[in-house]
Amino acid sequence: MNTALTASNRLISEADYLAGELLANERHEYMNGRIYAMAGASKRHNRIAGNIYRAVMATGSACTAYISDMKVHSDKYHSYYYPDVVVGCDPNETDEYVLEKPCLIVEVTSDSTLRKDYLEKSLAYQAIPSVQVYLIVAQDKVQVDMLTRASDGAWELQQFNDLGAELSLLCPTMILNTKEIYDGMNF
């Protein structure tokens, strides 16, 4: 992506953003016409995301998990984000770079991303009709916040703070243990 474009305050269209991302050397997220370069992730961050990806893929589900480089589109908020792990089950998804109908989204959070993950991204992800579960996973302590869409459309929050906790996911249908999430981590 043109660095002059990323440094300017000029608004760009979604189409220009998507075209630019195909050529970019670094990833950018998009929110209401503005693009934001993404920072690199720590080893802890990558390990946790990898553990979740591995657990989801081991279910043998028809759903597919993607790690870090698959964009998710929130039409209502005119945004594109790169979740740490995202799961899609809709066989009609045709875009090779963007999921429009994800069912599970995971963000591994740190002090620098905490506010964005809990506020901005949470609103955008909850506005995607197909999303059933949004996990926010701390990387510096055992804490997983699970937001699930209830049958009436409301969102419910559960927090898991110990290594024996089990998260019952709706999509894909599976039990995810916090011990699996934090495998290899020392606190």
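### Focus: the packing of aromatic side chains
- A complete count under the given rule lists six aromatic pairs for this structure.
- With centroids separated by 6.0 Å and ring planes inclined at 70 degrees, the aromatic side chains of Y30 and Y80 adopt a geometry described as edge-to-face. Of this pair, Y30 sits in strand β1 (residues 28–31) while Y80 sits in strand β5 (residues 79–81), placing them 50 residues apart in sequence. The pair formed by Y30 and Y80 is uniform in burial state, with each residue classed as buried.

### Some details on the environment of N32
- As for its position among the elements, N32 is in the loop between β1 and β2 (34–37).
- The class of N32 is partly exposed, set by a relative accessible area of 45%.
- The sequence separation of N32 and Y80 amounts to 48 residues, and the corresponding C-alpha distance is 9.3 Å.
- In contact with N32, other than residues within four places in its own chain, are L11, Y77 and H78.

### Digging into the nonpolar core
- Ranked by size, the top nonpolar core spans 30 residues in total, and within it I52, L104, L135, V137, L169, L176 and Y182 carry the most contacts.
- Sorting the residues of this core by element identifies α3 (43–57), β6 (85–88), β8 (102–109), β9 (133–138), β10 (144–149), β12 (166–170) and β13 (173–177) as the ones contributing at least two each.
- Looking at this core, the element that brings in the most residues is α3, giving five residues.
- If we ignore the near neighbours within four places in the chain, the residues touching I52 are V85, V106, V137, L176 and I181.
- By size, the runner-up hydrophobic cluster in this structure holds 14 residues, among which are L99, I105, A124 and Y134.

### Structural notes on helix α2 (residues 14–23)
- Along α2, the positions that sit buried rather than exposed are Y17, G20 and E21. Along the axis of α2, the buried residues cluster in a sector spanning 105 degrees; they form a single face. Residues of α2 that are exposed and angled more than 90 degrees away from the buried face: A15, L22 and L23.
- Contacts from the buried residues of α2 go to β1, β2, β4 (71–74) and β5.

### Some points on the state of the cysteines
- For the structure shown, the criterion picks out two disulfides.
- Residue C63 pairs covalently with C89 via a disulfide, S to S 1.8 Å. Taking the sign of the S-S torsion, about 105 degrees here, the bridge from C63 to C89 comes out right-handed. Of this pair, C63 sits in the loop between α3 and β3 (64–67) while C89 sits in the loop between β6 and β7 (98–99), and the two are 26 residues apart along the sequence.

### Some points on the confidence of the model for the chain
- The share of residues in the chain with pLDDT of 70 or more is 95%, and the mean pLDDT across the chain is 93.
- Low pLDDT (under 50) marks residues 1–7, which in the prediction has 13 contacts with non-local residues, meaning those over four places away or in another chain.

Here is what the cut-offs are and how they apply
- Residues numbered from 1 in each chain as written.
- Predicted model: local features only at pLDDT ≥ 70, side-chain atom pairs only at ≥ 80, totals over all residues.
- Heavy atoms only, no water.
- Phe/Tyr/Trp six-rings, centres within 6.5 Å; stacked < 30°, edge-to-face > 60°.
- Helix = DSSP H or I, 4+ residues; strand = E, 2+ residues; numbered from the N terminus.
- Buried < 20%, exposed > 50% of the residue type's maximum accessible area, 1.4 Å probe, protein only.
- Contact = heavy atoms within 4.5 Å.
- Core = buried A, V, L, I, M, F, W, Y, C linked by side-chain atoms within 4.5 Å.
- Arc of directions from axis to C-beta.
- Disulfide = S-S within 2.5 Å.
- pLDDT = per-residue confidence, 0-100.

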